[in-house]
Amino acid sequence: MIILRPGEIADLEPAVIASARECVIATADGAVGGRAAAVILLSDYAVATPRSVITIDSAQAWAGVVWRVGADALRLHASGATHFNATQASEAGLIDAIAADLDEWRASFLENRSAMALDSAAALIARRGGDALERAEFARLFAAGEPQRGLSAFLEKRRPRF
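Residues numbered from 1 in each chain as written. Predicted model: local features only at pLDDT ≥ 70, side-chain atom pairs only at ≥ 80, totals over all residues. Heavy atoms only, no water.

Peer 1: What exactly am I supposed to notice about the overall build of the chain here?
Peer 2: Helices and strands together make up the secondary structure of the chain, namely 9 helices and 7 strands. Split into buried and exposed, the 162 residues of the chain put 37% on the buried side. For the chain, contacts bridging at least 24 residues in sequence account for 51% of all contacts bridging at least 6. (Helix = DSSP H or I, 4+ residues; strand = E, 2+ residues; numbered from the N terminus. Buried < 20%, exposed > 50% of the residue type's maximum accessible area, 1.4 Å probe, protein only. Contact = heavy atoms within 4.5 Å.)

Peer 1: Looking at this structure, how should I read the pairing of strand 4 (residues 45–48)?
Peer 2: Where a strand is regular, its side chains alternate between the two sheet faces. Of the strand pairs in this sheet, strand 2 (residues 24–28) and strand 4 are connected by 4 bridges, and their pairing is parallel. Directly across from Ile-25, in strand 4, lies its bridge partner Tyr-45. Bridging between strand 4 and strand 7 (residues 97–98) involves 2 bridges; their strand directions are parallel. What sits directly across from Ala-48, in strand 7, is Ile-98. (Pairing = 2+ DSSP bridges.)

Peer 1: Would you explain unusual backbone geometry in this entry?
Peer 2: With the exception of glycine, the majority of residues adopt a negative phi angle, and the majority of peptide bonds are in the trans configuration. Located in the positive-phi region is Lys-157, a residue other than glycine, with phi close to 55°. In this structure, Lys-157 sits in the segment after helix 9 (146–155). Classification of Lys-157 as exposed rests on a relative accessible area of 77%.

Peer 1: Before we go on, may I ask you to explain the pattern of salt bridges in this structure?
Peer 2: Any two side chains of opposite charge can pair, on the condition that their charged atoms come close. For the structure on display, the rule yields 7 salt bridges. For Arg-35, the salt bridge goes to Glu-13, with nearest N and O atoms at 3.1 Å. Taken together, the residues span a long stretch of sequence, with Arg-35 in helix 2 (residues 34–42) and Glu-13 in the loop between strand 1 (2–4) and helix 1 (14–18) at a distance of 22 residues. Judged by its relative accessible area of 34%, Arg-35 is partly exposed. Overall, Glu-13 belongs to the partly exposed group, its relative accessible area being 33%. Here Glu-156 makes a salt bridge to Arg-158, at a shortest N to O gap of 2.7 Å. A residue is classified by how much of its surface remains accessible, and Arg-158, at 29% relative accessible area, is partly exposed. Overlapping salt bridges, with partners in common, bring together Arg-5, Asp-103 and Arg-106 in one network. (Salt bridge = Lys/Arg side-chain N within 4 Å of Asp/Glu carboxyl O.)

Peer 1: Sorry, what's going on with the sheet that holds strand 5 (residues 53–55) here?
Peer 2: Strands in a sheet are paired, the pairing made by backbone hydrogen bonds, and the direction either parallel or antiparallel. If you trace the 3 strands from one edge of the open sheet to the other, you get 3-5-6, paired in mixed fashion. Looking along the sheet, the strands with just one partner apiece sit at the ends: strand 3 (31–32) and strand 6 (83–85). Note that strand 3 and strand 5 share 2 bridges and pair parallel. Looking across to strand 5, one finds that Ala-31 is bridged to Val-53.

Peer 1: Would you mind showing me how to read the nonpolar core here?
Peer 2: Note on soluble globular proteins: their nonpolar side chains tend to be buried together. The biggest cluster of nonpolar side chains holds 30 residues, and the ones touching the most others in it are Val-32, Ile-40, Ile-56, Val-65, Leu-76 and Leu-94. Secondary structure elements with two or more residues in this core: strand 2, helix 2, strand 4, helix 3 (59–69), helix 4 (72–79) and helix 5 (86–92). It is helix 2 that provides the largest number of residues to this core, a total of 7 residues. Excluding residues that lie within four positions of it along the chain, Leu-94 makes contacts with Leu-41, Ala-46, Ile-56, Val-65, Arg-68, Val-69, Leu-76, Phe-84 and Ala-89. Listed in part, the 9 residues of the second largest apolar core include Cys-23, Ala-97, Trp-105 and Ala-122. (Core = buried A, V, L, I, M, F, W, Y, C linked by side-chain atoms within 4.5 Å.)

This is the structure we're talking about:
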C-alpha cells in the first residue's frame, strides 16, 4: 500500500500512480491542480481536507476524472466546472472521503483493514486480470493468513489486527 501525503503528490508522475501494483491512497490539503490533481484522481482512494480545492486543468487530470467517474466525466466537462471544493468533489465522485485531520483519518482507516487485501483488490480492479490473477491473489492472501486473522476476529467478537 502506498499512502501519499499532500506534499508528496505534486512532483509525482501520474502514469506511475495509474500503473502502481499496490493500492494507492492519495491525500490532499489546500489547493491541488496540475499533476497533483491527476495523482489524486488516478489514485485508488482519495481523501481531502475540508479546505481542499481540486482544479482540473490538464489532460492528465481529465483522464483521472474519467477513471474515477466514467461516463459522468462528460457531464462534468460539459458543465464547465473545473474547481471543486472538498464537498463538491465528494458529491461528484472525485474524492472518496473528507477528513479534518489526515493523520487521524489514516490511522482510523488502516486500523481494521488489511493492507495486503487492499493491494490485491486494487490490482484486480485496475488490471482486470481475470481468473488467473484472481486465483493468484486469493492464494497469496491465504498463504499470508489474512483471511484467518479476519475470521478469528469475527469469531472472537473483536476488531481484526492486520
